[in-house]
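# Architecture at a glance
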Amino acid sequence: MKLRDIAFLLLASVTTVRVWAQEEAPDSTAMIGIAIDEDMSAADDSLMYDMAEAQNQLDSMLTVWYQSHSQLMSATNDLVPDTLAMADTLIDGIADEVFINRLQALQSPILMNFNSQVKRFIELYVVKRREQVSRMLGLSRYYFPMFEEMLDANDLPLELKYLPIIESALNPRALSRVGASGLWQFMYYTGKRYGCEVTSYVDERRDPYKASLAAAKFLKELYAIYGDWHLAIAAYNCGPGNVRRAIARSGGKRDFWQIYYHLPRETRGYVPAFIAAAYAMNYASEHQIAPTPSILPPVADTVMVVKPLNLAQVSNVLNLSLDVIRELNPQYKHDIIPAIEGKKQYALRLPVEKTFSFVQQEDSVYAFNREKYFPDNKIVAVSEATFAGTIPANSVHFLYTVKEGDVPGAIASKFGVRLADLKYWNNMRRNIIRVGQKMHIYVPKAKADKYDGMATRAK
C-alpha cells in the first residue's frame, strides 16, 4: 500500500493506459505445488522480513479493534476451544499434499499455489496467530457478505474478500504508518479517486460499504491491465508501476513467481499471504479454530440522516449501545454525522430491528439534547480543543515505550483513551511515532493497575 498512490497518480496523468501483451500462461495445474526453493538461501532473508512484517501487521491492526472489546471477549472465551497446547503439531504433522488438495478444492479463478512461502504464512495464521484468526472468523460473518456483494456486482472473484485479512485484519479503523486507512487500506488520494469522501468529520475509507465498492473498482482496473490475478493483487499492494518494472526486469515474464525477486521486498510476501489467508479462513475448523463472537449484529441495514446528528442521540433514544453504533459506522470520526438539511444526506447503519425504531422515532432522535450537541443547530468547528486538550482528573500518568509494529491508534485503544487525547498529551500533529519513543498516557486511577505490565508509572 505504501507506493500505490504515487503509482496511480502517474497512471492517472496519462490519457491512455498501456496494457502489456499477455504472454501464454503456464499450465495452471502444473503450478500447484511448485515451490520456488531452488535457492532458499536467497529467499530466506526476504521471506523472514515478510513474515515479521505480517506478524507486526496482525498484532497492531488487531489491537485497535479488539482491545475495546476485551470485556466481551473474556465473557465468551468459554465458547472457543482451548487448543493452544496442540498448536505446534498442527502444521508439521500434515503432508504437503493435504494443503495442495485443500487449496485446489477452493475452485477459484485465482490460482491458489502451494509452496514453502505459502506454507509459512499458513503456519503464521493457523499456529502462531490462531487467536486473531478466531476473532477474524467472527467478524467475517458481518463483513464478508458485504465484500461479496461488491465483488459480485463487478464480476470479480469472490475470493478477493480475503484481501482485507492481510490489509487490516478486518479492522475498519486500521491506520498504517504512511496514512493508509480502513479495511482495504486506501491512501488519501486513492480513496478520493474511487469515490471515498474524506473530511474533518467523515472518512469513507473506513466505511465498509463505500470502501468495498472502491476496492472492487480498483481491482477491476488492475486486472484489466495485467489479465492475471496474482499480478493484480501484487499491484494492489505496491502499485502498478512497481509491477510493470518487475515485469521489465524479468525480461517480460508475466507470472508472479517468475518476477518474484524483482518485486519490492514487502510485496513478495503479499500473494503468499493472500493464499494463506484464504486457506486459514476456509479450513480453520480443520485446525481446531472456532469463531469468536463479535459485537456486530448478524444483520444490519441503513437509514438516511438528513440533519446533523450525533451518534449519542441515536444511542439514547433507541436504547442501543453507543459502541455498537460506532462499530457499524466507523466512518464518522467524532460521532458526528454532518448532514445538511435539504442538501446532503448520509447513511447510518443500524441493527436491522433498530432501523424500524429509528423511522418511528426519527423526530425524537433529532430533538434529543439538540442544543447540547448542535448549538443554534450548527456543527461546532473541528479543532484539537473540541476533541482533546485536557488531562483527566483522578488519572495516573504512565510512560509507554513504543515497540516495533506500534501505531498511534493501536496504542490509544490499548489504554482505552482517544487518539486525539493521546496526540494532545504527546504534542503530536501527525500519526508518526518511532520505536523507543516514550509516550505520555493518562488513565483513570481506578483502572491503573490493569496497565502496570504494559507501561511504567511516571514519577
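On a predicted model such as this, the values are computed, not experimentally measured, just so you know.

### A look at the overall build of the protein
Looking only at helices and strands, the protein features 23 helices and seven strands. Buried positions account for 54% of the 459 residues belonging to the protein. Counting contacts in the protein only where the partners sit at least 6 residues apart, residues at least 24 apart contribute 76% of the total. A total accessible area of about 21200 Å² is found for the protein, and carbon and sulfur atoms account for 51% of it.

### Quick word on the sheet that holds strand 7 (residues 456-457)
Ordered by their spatial adjacency, three strands build an open sheet running 6-5-7, and the pairing between neighbours is antiparallel. Pairing within the sheet leaves two strands with one partner each, and these edge strands are strand 6 (438-444) and strand 7. Looking at chain direction, strand 5 (residues 395-401) and strand 7 are connected through two bridges and run antiparallel. Along strand 7, the bridge assignment pairs L399 with T456.

### Section: the nonpolar core
L163, W184, Y236 and L348 are the most contacted members of the largest nonpolar core, which has 107 residues in total. Grouped together as the second largest cluster of nonpolar side chains are 19 residues, V402, I411, V417 and Y442 included.

### Brief notes about the pattern of salt bridges
This model, assessed by the stated rule, comprises 13 salt bridges. For the salt bridge of R135 with E131, the shortest nitrogen-to-oxygen distance reads 2.6 Å. Here R135 and its partner E131 are both found in helix 8 (residues 130-153), four residues apart, which amounts to about one turn of the helix. The salt bridge partner of D335 is R326, with a shortest N-O separation of 2.6 Å.

### What to know about the confidence of the model for the protein
With 77% of its residues at a pLDDT of 70 or more, the protein shows a mean pLDDT of 81. Contacts of residues 1-45 to residues separated by more than four positions or lying in other chains number 87 contacts, the stretch itself having pLDDT below 50. Across residues 382-389, where pLDDT falls below 50, the model places 18 contacts with residues more than four positions away in sequence or in other chains.

### Examining unusual backbone geometry
Notably, Q107 is not glycine yet its phi reads approximately 50°, a positive angle. Positive phi outside glycine occurs at L170, with the angle close to 60°. Its place among the elements puts L170 in the loop between helix 9 (163-168) and helix 10 (188-193). Look at L170 and you get buried, because its relative accessible area is 0%.

### A look at the packing of aromatic side chains
Evaluated as defined, the whole model comprises 24 aromatic pairs. Centroid distance F147 to W184: 5.3 Å. Interplanar angle 70°. Geometry classified as edge-to-face. A residue pair is termed long-range when its members are at least 10 positions apart, and F147 in helix 8 and W184 in the loop between helix 9 and helix 10 qualify at 37 residues. In this structure, F147 and W184 share a single accessibility class: buried. For the pair F218 and Y236, a centre-to-centre distance of 5.3 Å together with 40° between the ring planes defines the contact as tilted.

### Some points on the packing of helix 11 (residues 208-226) against helix 12 (residues 229-238)
Contact geometry of helix 11 with helix 12 gives a least axis separation of 8 Å together with a crossing angle of 125°. Regarding the angle of helix 11 to helix 12, the classification is oblique. Relative to helix 12, helix 11 is oriented so that their crossing is right-handed. Each of A215, F218, L219, L222, Y223 and Y226 in helix 11 lies in contact with helix 12, whose residues at this interface are W229, L231, A232, A235 and Y236. Looking at the contact of helix 11 with helix 12 residue by residue, the classes come out as 11 nonpolar, no polar and no charged.

Conventions used here
- Residues numbered from 1 in each chain as written.
- Predicted model: local features only at pLDDT ≥ 70, side-chain atom pairs only at ≥ 80, totals over all residues.
- Heavy atoms only, no water.
- Helix = DSSP H or I, 4+ residues; strand = E, 2+ residues; numbered from the N terminus.
- Buried < 20%, exposed > 50% of the residue type's maximum accessible area, 1.4 Å probe, protein only.
- Contact = heavy atoms within 4.5 Å.
- Areas by Shrake-Rupley, 256 points an atom, 1.4 Å probe, with all protein chains shown as cover.
- Pairing = 2+ DSSP bridges.
- Core = buried A, V, L, I, M, F, W, Y, C linked by side-chain atoms within 4.5 Å.
- Salt bridge = Lys/Arg side-chain N within 4 Å of Asp/Glu carboxyl O.
- pLDDT = per-residue confidence, 0-100.
- Phe/Tyr/Trp six-rings, centres within 6.5 Å; stacked < 30°, edge-to-face > 60°.
- Axes fitted to C-alpha atoms, helices over the stretch in contact; angles between N-to-C directions.
- Parallel < 35°, antiparallel > 145°, perpendicular 65-115°, else oblique.
- Left-handed = near helix turned anticlockwise from the far one by under 90°.
- Nonpolar A, V, L, I, M, F, W, Y, C, P; charged D, E, K, R; others polar.

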